[in-house]
Amino acid sequence: MSKLKLKKTNLTMISLIIIFILFLTISIGYSCLQQKLNIYGKSTIIADESGKYINGNSTYSYKIINSQKQEESNYIIYDVKLTIVNMDNDIGSWEISFDVPKGYNDFISNIKEGFSKKYENGRLTIYSENGYLSKGNTLELEIQFAIDGEFSINNLTLNGKLASEII
């Protein structure tokens, strides 16, 4: 009986070794396989505008006080009161920039307070070199805009930080 038991143990051991070698061969085979996935198609790339401006905490609102059509041209002169609340930092000299609508005429437009302005690439910039504005204070400007169409102010920034419009 001991010979039979020894033969049975040897057979079990050989079976286990064969199964181990089989699983080892299969696992090495799977690790050597490589899969490649190619996807072909057309795409349209759109510029990301979300990071164009740094978000700030300041707010702004504007009110059209008066509008009148200019007789010699198609321009409408809008008298606008722009109110900006600085909620970011104390500012020693401020600069306000915003997008103006198409049809804006910079030569006819003016700023009543005598601040400086410049117009480039569809954006109007109004600035004061020594206009202190502390955090929490309000800046009010009266501006005349000459526009051939509807008036709106978009993407207003105060010293480079995007302000939120209060409607």
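Computed from a predicted model, the values in this text were never measured in an experiment. (Residues numbered from 1 in each chain as written. Predicted model: local features only at pLDDT ≥ 70, side-chain atom pairs only at ≥ 80, totals over all residues. Heavy atoms only, no water.)

### Comments concerning the overall build of the protein
Thinking step 1. Looking only at helices and strands, the protein features one helix and nine strands.
Thinking step 2. Taking all 167 residues of the protein together, 28% fall into the buried category.
Thinking step 3. In the protein, once contacts between residues fewer than 6 apart in sequence are set aside, the share between residues at least 24 apart is 75%.
Thinking step 4. Only carbon and sulfur atoms are counted for the fraction: they give 54% of the accessible area of the protein, which is about 12500 Å². (Helix = DSSP H or I, 4+ residues; strand = E, 2+ residues; numbered from the N terminus. Buried < 20%, exposed > 50% of the residue type's maximum accessible area, 1.4 Å probe, protein only. Contact = heavy atoms within 4.5 Å. Areas by Shrake-Rupley, 256 points an atom, 1.4 Å probe, with all protein chains shown as cover.)

### Focus on the pairing of strand 9 (residues 161–165)
Across a regular strand the side chains alternate sides, sitting on one face of the sheet and then on the other.
Thinking step 1. Of the strand pairs in this sheet, strand 1 (residues 54–69) and strand 9 are connected by four bridges, and their pairing is parallel. Counterpart to N55 in the pairing with strand 9 is L162.
Thinking step 2. Here strand 8 (residues 154–158) hands over to strand 9 after two residues, with N159 in that stretch at a positive phi of 50°. (Pairing = 2+ DSSP bridges.)

### A closer look at the packing of aromatic side chains
Thinking step 1. All chains considered together, the criterion is met by seven aromatic pairs.
Thinking step 2. Centre to centre, the rings of Y62 and F151 are 5.4 Å apart; their planes meet at 90°, and the pair counts as edge-to-face. Of the two residues, Y62 sits in strand 1 while F151 sits in the loop between strand 7 (138–147) and strand 8, which places them 89 residues apart along the sequence.
Thinking step 3. An aromatic cluster is built from Y62, Y78, F98, Y104, Y119, F145 and F151, whose rings are joined through pairwise contacts. (Phe/Tyr/Trp six-rings, centres within 6.5 Å; stacked < 30°, edge-to-face > 60°.)

### Topic: the nonpolar core
Thinking step 1. Counting 25 residues, the largest nonpolar core has L82, W94, I96, F98, F145 and L156 as the members making the most contacts within it.
Thinking step 2. At the level of elements, strand 2 (76–85), strand 3 (94–99), strand 4 (104–111), strand 6 (123–128), strand 7 and strand 8 are the ones that each hand at least two residues to this core.
Thinking step 3. At five residues, the largest contribution of residues to this core is made by strand 7.
Thinking step 4. In this structure, I96 is in contact with I84, L124, T125, I126, L139, L141, L156, T157 and L158, ignoring residues within four places of it in sequence. (Core = buried A, V, L, I, M, F, W, Y, C linked by side-chain atoms within 4.5 Å.)

### Digging into a nonpolar patch on the surface
Thinking step 1. Residues M13, L16, I17, F20, I21, L24 and I28 make up a contiguous nonpolar surface patch of roughly 710 Å² in combined accessible area.
Thinking step 2. Structurally, the position occupied by I17 is in helix 1 (residues 2–32).
Thinking step 3. The class for I17 is partly exposed, based on a relative accessible area of 46%. (Patch = residues over 30% accessible without salt bridge, like charges linked within 9 Å, V, L, I, M, F, W, Y side chains within 5 Å. Salt bridge = Lys/Arg side-chain N within 4 Å of Asp/Glu carboxyl O.)

### So, the environment of S27
Thinking step 1. Note on placement: S27 falls in helix 1.
Thinking step 2. Side-chain polar atoms of S27 contact the backbone oxygen of L24, separated by 2.9 Å. (Polar contact = N/O pair within 3.5 Å; in protein donor to acceptor, adjacent residues only side chain to side chain.)

### Describing the environment of Y62
Thinking step 1. Taking the relative accessible area as the measure of exposure, Y62 reaches 24% and is therefore partly exposed.
Thinking step 2. With 90 residues separating them along the chain, Y62 and S152 place their C-alpha atoms 8.9 Å apart.

### Structural notes on the sheet that holds strand 2
Thinking step 1. Read across the sheet, nine strands follow the order 4-7-2-1-9-8-3-6-5 without closing on themselves; strand pairing throughout is mixed. Two strands lie at the open edges of the sheet, namely strand 4 and strand 5 (116–120), each paired on one side alone. The sheet shows a mean angle of 30° between the axes of neighbouring strands, direction not considered.
Thinking step 2. Bridging between strand 8 and strand 9 involves two bridges; their strand directions are antiparallel. Note on strand 9: the bridge partner recorded for T157 is L162. (Axes fitted to C-alpha atoms, helices over the stretch in contact; angles between N-to-C directions.)

### With respect to the side chain of D79
Thinking step 1. Locating D79 in the fold gives a position in strand 2.
Thinking step 2. By relative accessible area, which is 13% here, D79 ends up buried.
Thinking step 3. A distance of 3.0 Å separates a polar atom in the side chain of D79 from a polar atom in the side chain of Q144.
Thinking step 4. Contact partners of D79, with chain neighbours within four places excluded, come to K63, I64, I65, N66, K112, I143 and Q144.

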